[in-house]
Amino acid sequence: MTAKAFSRPIFVKDEDQTIREIACITDALEFLTKWPENRRGPIHNTAVRACQAAREGRLTVDGARNAFAGFARSVRIREAGPVSVEPWMITPKRGRMPI
C-alpha cells in the first residue's frame, strides 16, 4: 500500500516535545494510534475515521489532512513549519554572479 501524501505537511509536537512532520495519511494514523487513550475524544476519533476513509478512497486526502490539522489545533500540538529560504534571500558569494 502506498502512502497518500498530503498537499503540505503538518508539523506537530509529540509527547517528547519533538516536532514531527506529518506528511501523509500513514504518518497521521501512526501518530493518532500512539496518542494516549486518556487524551482521546471526539475530535481524535473524527481524525482517525477521516484518515481511514481517505486511505480506503472514501474521502479525499485533503479531507483527512484537514481533520488531522483540526485535531492538532484542538489539542494544541500544531507547530509552524520550518522556515523556507528563498533563493533571493541568499547573498551570492563574492566574485561571480549566479546566472
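In what follows, the structure referred to is the one given above.
These remarks concern the structure in this document. Remember, predicted model here, so these are calculated numbers, not experimental data.

1. Concerning the nonpolar core
Phase 1: Residues V12, I22, F31, F68 and F71 are the most contacted members of the largest nonpolar core, which totals 20 residues.
Phase 2: Secondary-structure elements contributing two or more residues to this core are strand 1 (5-13), helix 1 (25-34), helix 2 (42-55) and helix 3 (61-74).
Phase 3: Apart from residues lying up to four places away in sequence, I22 is in contact with F6, P9, I10, V12, D27, A28, F31 and F68.

2. Thoughts on the side chain of R65
Phase 1: The residue R65 is located in helix 3 in this model.
Phase 2: Buried R65, no salt bridge; nearest opposite-charge side chain is D62, N-O distance 5.6 Å.
Phase 3: Contact partners of R65, with chain neighbours within four places excluded, come to F6, S7, R8, P9, I10 and R78.

3. Considering the sheet that holds strand 1
Phase 1: Read across the sheet, three strands follow the order 2-1-3 without closing on themselves; strand pairing throughout is antiparallel. At either margin of the open sheet sits one strand with a lone partner, and together these are strand 2 (19-24) and strand 3 (78-79).
Phase 2: Pairing between strand 1 and strand 2: five bridges, direction antiparallel. Along strand 2, the bridge assignment pairs V12 with R20.
Phase 3: Strand contacts of helix 1: strand 1 and strand 2, with the helix running at about 130 degrees to strand 2, the strand carrying the most contacts.

4. Focus on helix 3
Phase 1: For helix 3, which comprises 14 residues, the first-to-last C-alpha distance of 20 Å matches the rise-based estimate of 20 Å (1.5 Å per residue) to within 8%.
Phase 2: If you check which residues of helix 3 are buried, you get A64, R65, A67, F68, A69, F71 and A72.
Phase 3: Residues of helix 3 that are buried make contact with strand 1, strand 2, helix 1, helix 2 and strand 3.
Phase 4: Downstream of helix 3 by one or two residues, R76 has phi in the positive range, about 60 degrees.

5. Considering the pattern of salt bridges
Phase 1: Counted according to the given criterion, the structure contains two salt bridges.
Phase 2: The closest approach of N and O atoms between E56 and R58, which form a salt bridge, is 2.8 Å. Comparing E56 with R58, the two get one shared label, exposed.

About the criteria used
Residues numbered from 1 in each chain as written. Predicted model: local features only at pLDDT ≥ 70, side-chain atom pairs only at ≥ 80, totals over all residues. Heavy atoms only, no water. Core = buried A, V, L, I, M, F, W, Y, C linked by side-chain atoms within 4.5 Å. Buried < 20%, exposed > 50% of the residue type's maximum accessible area, 1.4 Å probe, protein only. Helix = DSSP H or I, 4+ residues; strand = E, 2+ residues; numbered from the N terminus. Contact = heavy atoms within 4.5 Å. Lys, Arg positive; Asp, Glu negative; His and termini not counted. Salt bridge = Lys/Arg side-chain N within 4 Å of Asp/Glu carboxyl O. Pairing = 2+ DSSP bridges. Axes fitted to C-alpha atoms, helices over the stretch in contact; angles between N-to-C directions. Expected span 1.5 Å × (residues − 1).

Everything listed is a geometric property; what it means functionally is a separate question.
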